[in-house]
Amino acid sequence: MSYLQRTLSVSVMLVCALACAPAGASEHSLENVNFMGPLITPNPAGLPQGRWFLEPYLVRVDSNAHYDADGKRQRSAQDSGAWAVVLPVMYGFSDRLMGQVNLSASRAESGNGHSSGFRAGDTTARLQYLLQAPNADGTRPAVSLALTQRFSTGSHDRISGNPLDAQGDGVQRTTLALGVQQVVWMPNGRPLRWRGQLMAGPAPARTALSGASIYGTEAGFQGHIARGSVLGLSVAGEYSFNDRWVGVMEVAASRETGQRLIGFTPTADGSGRHINELRPASRSLSLAPAVEYHFSPSLGLIAGVEFTVAGRNTGRVISPQVALGVFF
């Protein structure tokens, strides 16, 4: 059994055990408890009708190594990195239906080169329906289903100048997710809130590629890439020390099946070169510890770092990030 399968099995059993545990009678109150949410796992409980939540992120991404097909860490030929700004915008259409849009832009670096300023990335839109609402003290799990659509709003091919200016992947991907969230009251009377999400998406329609692209194709190339299906699981816990400080720990695992690149690249002698390349599946396991500080029930700050601890055919990433959450 692979590390990803073990992680999925243990996390699913943990989610089921906590979700099925009897809540029992409780005199606890969440009135003076503030939670903002971890760095990766979305909020399964949604928002009250007519309310907004904005959470702009400033993210730094650095990578100087990668995991090979055997899961061994290898030094990359050169360091790469990026500064990114991500803006999730959430709105409660009703007490059960929530909408979310994620906008992003980044400035990429590789070796001594960098992109021409901040460039727009891809955009995601998410609709979430609350199947089971939590009770007043949070001990009854909130359970939701979410449908997410990724839109290719960032450039990914036809790169004629700086290759670092391409900030998208060209994939129109649809995923479905099941989310669970619950509060567990500790013996000292303080709450531990955990949440988990299991996400899956089928292989998307193939992405047409023309010329140089983020997939390593050369000028003059004409063809497409068929990306694989995806599976992801994340589980997070937030412990409230008091009404201002919250500690966070999160684990996330993901996998994408193999990709196939097919096309034609012209050569100097005019004969051309046909390409039919199968790229192997990739997987990763990450941790994301963080700390939250709440100025008020409607304004909070979270700072933490997401980093890859294992993987196959994927980069090793260290990503410090900070976000300001505003609820109104």
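The structure we're discussing is the one just above.
Residues numbered from 1 in each chain as written. Predicted model: local features only at pLDDT ≥ 70, side-chain atom pairs only at ≥ 80, totals over all residues. Heavy atoms only, no water.

(A) Geometry of the environment of Ser 116. Locating Ser 116 in the fold gives a position in the loop between strand 5 (113-114) and strand 6 (119-120). Taking C-alpha positions, Ser 116 is 23 Å from Gly 315, a pair spaced 199 residues apart along the chain. In this structure, Ser 116 is in contact with Asn 162 and Asp 165, ignoring residues within four places of it in sequence. (Helix = DSSP H or I, 4+ residues; strand = E, 2+ residues; numbered from the N terminus. Contact = heavy atoms within 4.5 Å.)

(B) Fine view of the sheet that holds strand 16 (residues 273-279). On the basis of which strands lie adjacent, the open sheet formed by four strands has the order 11-12-15-16 and antiparallel pairing. With one partner strand each, in any of the chains shown, strand 11 (207-210) and strand 16 form the two edges of the open sheet. Looking at each pair of strands side by side, their axes are set apart by 15° on average, direction ignored. Here strand 11 pairs with strand 12 (residues 222-226) via four bridges, running antiparallel. From the neighbouring strand, Ser 210 faces strand 12, where its bridge partner is Gln 222. (Pairing = 2+ DSSP bridges. Axes fitted to C-alpha atoms, helices over the stretch in contact; angles between N-to-C directions.)

(C) Local environment of the side chain of Thr 175. Structurally, Thr 175 can be placed in strand 9 (residues 174-185). Look at Thr 175 and you get buried, because its relative accessible area is 13%. The residues touching Thr 175, leaving out its near neighbours within four places in the chain, are Ala 146, Leu 147, Thr 148, Met 199, Ala 200, Gly 201 and Val 230. (Buried < 20%, exposed > 50% of the residue type's maximum accessible area, 1.4 Å probe, protein only.)

(D) Region of interest: unusual backbone geometry. Backbone geometry at Arg 158 places phi at a positive 55°, although glycine is not the residue there. On the secondary structure map, Arg 158 appears in the loop between strand 8 (142-151) and strand 9. Among the residues examined, Arg 158 registers a relative accessible area of 62% and is labelled exposed. Phi at Asn 313 is positive, roughly 55°, even though this residue is not glycine. Among the structural elements, Asn 313 can be located in the loop between strand 19 (299-312) and strand 20 (314-327).

(E) Just a nonpolar patch on the surface, in detail. A contiguous nonpolar surface patch, about 940 Å² in accessible area, is contributed by Phe 93, Leu 97, Leu 127, Tyr 129, Leu 131, Leu 145, Leu 147, Leu 176, Leu 178, Leu 198 and Leu 231. Among the elements that take part in the nonpolar patch, strand 7 (residues 123-132) stands out by supplying three residues, more than any other. Along the chain, the position of Leu 131 falls in strand 7. (Patch = residues over 30% accessible without salt bridge, like charges linked within 9 Å, V, L, I, M, F, W, Y side chains within 5 Å. Areas by Shrake-Rupley, 256 points an atom, 1.4 Å probe, with all protein chains shown as cover. Salt bridge = Lys/Arg side-chain N within 4 Å of Asp/Glu carboxyl O.)

(F) Geometry of the pattern of salt bridges. Following the criterion strictly, the structure yields twelve salt bridges and no others. Across the pair Arg 150 and Asp 122 runs a salt bridge whose closest N-O atoms are separated by 2.9 Å. Taken together, the positions of Arg 150 in strand 8 and Asp 122 in the loop between strand 6 and strand 7 put the pair 28 residues apart, joining distant regions of the chain. Look at Arg 150 and you get partly exposed, because its relative accessible area is 27%. In this structure Asp 122 comes out as buried when scored by relative accessible area, which is 8%. Close ionic contact of Arg 150 with Asp 169 constitutes a salt bridge, the shortest N to O distance being 3.4 Å. On the criterion of sequence distance, the pair formed by Arg 150 in strand 8 and Asp 169 in the loop between strand 8 and strand 9 is long-range, its members being 19 residues apart. When salt bridges with common partners are traced through the structure, they connect Asp 122, Arg 150, Asp 169, Arg 173, Arg 227 and Glu 256 into a single cluster.

(G) Inspection of the nonpolar core at higher detail. By size, the foremost hydrophobic cluster in this structure holds 19 residues, and its most contacted members are Leu 39, Leu 47, Phe 53, Tyr 57, Met 90, Ala 290 and Ile 302. Contributing elements (two or more residues each) for this core: strand 2 (57-67), strand 3 (73-92), strand 9 and strand 14 (245-256). Contact partners of Leu 39, with chain neighbours within four places excluded, come to Tyr 57, Glu 250, Ala 288, Pro 289, Ala 290, Ile 302, Gly 304, Val 305 and Gln 321. Ranked by size, the runner-up nonpolar core spans seven residues in total, among them Leu 209, Phe 221, Ile 225 and Leu 261. (Core = buried A, V, L, I, M, F, W, Y, C linked by side-chain atoms within 4.5 Å.)

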